[in-house]
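# Coordinates in review
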Amino acid sequence: MDDERPHRFSEGQGFDEDYEEFSLDPPELSVDPSEVDPVDSRVLTDLLDERNVGSDQVDAEELVDVGLSYMGINRFEEATETFERAAQFASTDAIEQEAWVNKGAAHAQLEEYDEAVGAYEEALAIGDDTEHAASAHTNLAYALWEWGRTEAALDHAEQAVEVDPRFAQAWYNRGFFLAERGLNEEAVDCFDNAIRLGMGNAEVLEEKARALEEAGKEEEAEQVQEQAEELREEAERELIEEHGDADAGPRA
């Protein structure tokens, strides 16, 4: 079986499209779009200058949306600054934690894993019984792994599933880390949990197949790998059909 992994494990950003808190849809800002670029960093700085704007005048949720818009156009440095300001102006723990989690994700995109770890730790300092705690643990596990702190990564992957047992991404990451340590049967159980919770994509199936093969279950591994290949082929067909429809032009 091919050992190359173009995307080894999840960064914890695999939410459904209707998961509003981490949506990348452009925000509606309280500025005139005909006069300024909504994601112009200079305008943003002017709008949020703490010397001129009181905290009661700043909508931290709107700031989070601005940061996500920056991430949507790969302007991750501006995103980190925006999320930090959102955390500073947040009026609730939930908004502050969301801002820190997203700040960490932006740093991770820049491969600034020490800063990412710091942001996730700020998020977790707010509490483990909050809305975004599982995401913070999952993302922290990813950053720690990339930073070379593998044991701590597994610890936070395990904490993520304890905080939210229905978080499919967390189960997938935990399975990946366990497989990397040779605990393949436990890893398979984690991948099965992720699949049951709706994460039944080709990537998860391929990781499950690898774990099964390492556990000596070659026949079952081949079956799972075939399922993964079928999913990839189906996705390719849908992409081709989508592009074919787009090229066909208007129809009566």
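See the structure above.
Here is what the cut-offs are and how they apply
Residues numbered from 1 in each chain as written. Predicted model: local features only at pLDDT ≥ 70, side-chain atom pairs only at ≥ 80, totals over all residues. Heavy atoms only, no water. Salt bridge = Lys/Arg side-chain N within 4 Å of Asp/Glu carboxyl O. Helix = DSSP H or I, 4+ residues; strand = E, 2+ residues; numbered from the N terminus. Buried < 20%, exposed > 50% of the residue type's maximum accessible area, 1.4 Å probe, protein only. Axes fitted to C-alpha atoms, helices over the stretch in contact; angles between N-to-C directions. Parallel < 35°, antiparallel > 145°, perpendicular 65-115°, else oblique. Left-handed = near helix turned anticlockwise from the far one by under 90°. Contact = heavy atoms within 4.5 Å. Nonpolar A, V, L, I, M, F, W, Y, C, P; charged D, E, K, R; others polar.

### Section: the pattern of salt bridges
- Applying the stated criterion across every chain, the model contains 6 salt bridges.
- With a shortest N-O distance of 3.7 Å, Arg-174 and Glu-158 are connected by a salt bridge. Residue Arg-174 is located in helix 8 (residues 168-180), and its partner Glu-158 is located in helix 7 (residues 150-163); the two are separated by 16 residues in the primary sequence.
- Owing to a relative accessible area of 17%, Arg-174 belongs among the buried residues under this scheme.
- The partner of Arg-210 in a salt bridge is Glu-207, and the shortest N-O contact between them spans 3.4 Å. Taken together, the residues Arg-210 and Glu-207, both in helix 10 (residues 202-214) and 3 residues apart, mark about one turn of the helix. Judged on exposure class, the residue Arg-210 and its partner Glu-207 are both buried.

### Digging into unusual backbone geometry
- In this structure, Asn-74 takes a positive phi of about 65° despite not being glycine.
- Relative to the elements of secondary structure, Asn-74 occurs in the loop between helix 2 (60-72) and helix 3 (76-89).
- On the basis of relative accessible area, Asn-74 is assigned to the exposed category, the value being 57%.
- One non-glycine residue, Glu-111, lies in positive phi territory at about 60°.
- Turning to its location among the elements, Glu-111 is positioned in the loop between helix 4 (93-109) and helix 5 (113-125).
- By relative accessible area, which is 60% here, Glu-111 ends up exposed.

### Considering the environment of Val-101
- Within the secondary structure, Val-101 is located in helix 4.
- In sequence terms Val-101 and Leu-124 are 23 residues apart; their C-alpha atoms lie 8.9 Å from each other.

### Topic: the packing of helix 3 against helix 4
- Two elements in contact, helix 3 and helix 4, have axes whose closest approach is 8 Å; the angle formed by their N-to-C orientations is 160°. Relative to helix 4, the element helix 3 is oriented roughly antiparallel. The handedness of the crossing between helix 3 and helix 4 is left-handed. The residues of helix 4 that touch helix 3, namely those facing Phe-76, Ala-79, Thr-80, Phe-83, Glu-84, Ala-86 and Ala-87, are Glu-96, Ala-99, Trp-100, Asn-102, Lys-103, Ala-106, His-107 and Gln-109.
- Its residues assigned to classes, the contact of helix 3 with helix 4 shows 8 nonpolar, 4 polar and 3 charged.

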